[in-house]
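This is what each chain is made of:
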Amino acid sequence: MYCPHCGAELKEGAKFCPHCGSDETTGWAEGAEFADEELPDYDEIVENEFGVDANGKKVRKQSPFVVIAAIIVALAFIAGFVL
């Protein structure tokens, strides 16, 4: 059995398509066509929304303030040797 909306293979008796999410009310109607739309990256959504990667590990993002402060400290250190 194949999804009439996107063409993905379905398990027998499936109520919805796990690939595109369509079901009887959203895309299994007669004449449904695959639109070749770009689907969002699930792992990227989970990381952005919940701060964890695909394995459930917490993702630490470096704050821009920390990076800027480190650059300023490094420049001050270098300037101390030059002067």
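Going by the structure above, here's the rest.
Rules used in this analysis
Residues numbered from 1 in each chain as written. Predicted model: local features only at pLDDT ≥ 70, side-chain atom pairs only at ≥ 80, totals over all residues. Heavy atoms only, no water. Helix = DSSP H or I, 4+ residues; strand = E, 2+ residues; numbered from the N terminus. Buried < 20%, exposed > 50% of the residue type's maximum accessible area, 1.4 Å probe, protein only. Contact = heavy atoms within 4.5 Å. Areas by Shrake-Rupley, 256 points an atom, 1.4 Å probe, with all protein chains shown as cover. Patch = residues over 30% accessible without salt bridge, like charges linked within 9 Å, V, L, I, M, F, W, Y side chains within 5 Å. Salt bridge = Lys/Arg side-chain N within 4 Å of Asp/Glu carboxyl O. Disulfide = S-S within 2.5 Å.

Re the overall build of the protein chain
Across its full length, the protein chain carries 2 helices and 0 strands. Expressed as a percentage of its 83 residues, the buried residues of the protein chain come to 11%. The contacts of the protein chain with a sequence gap of at least 6 include a subset with a gap of at least 24, amounting to 15%. Counting every atom, the protein chain has about 7,400 Å² of accessible surface; 59% of that belongs to carbon and sulfur.

With respect to a nonpolar patch on the surface
On the surface, a cluster of nonpolar side chains totalling about 770 Å² of accessible area is made up of Val67, Ile71, Leu75, Phe77, Ile78, Phe81 and Val82. Within the secondary structure, Ile71 sits in helix H2 (residues 64-82).

As for the environment of His19
For His19, the position within the fold is in the segment before helix H1 (42-50). For the pair His19 and Cys6, spaced 13 residues apart in sequence, the C-alpha separation works out to 7.9 Å.

Digging into the state of the cysteines
Summed over the entire model, instances satisfying the criterion amount to 0 disulfides. We note that Cys3 lacks a disulfide partner, and the nearest cysteine sulfur, in Cys20, lies 3.8 Å from it. Residue classification places Cys3 among the buried positions, given a relative accessible area of 4%.

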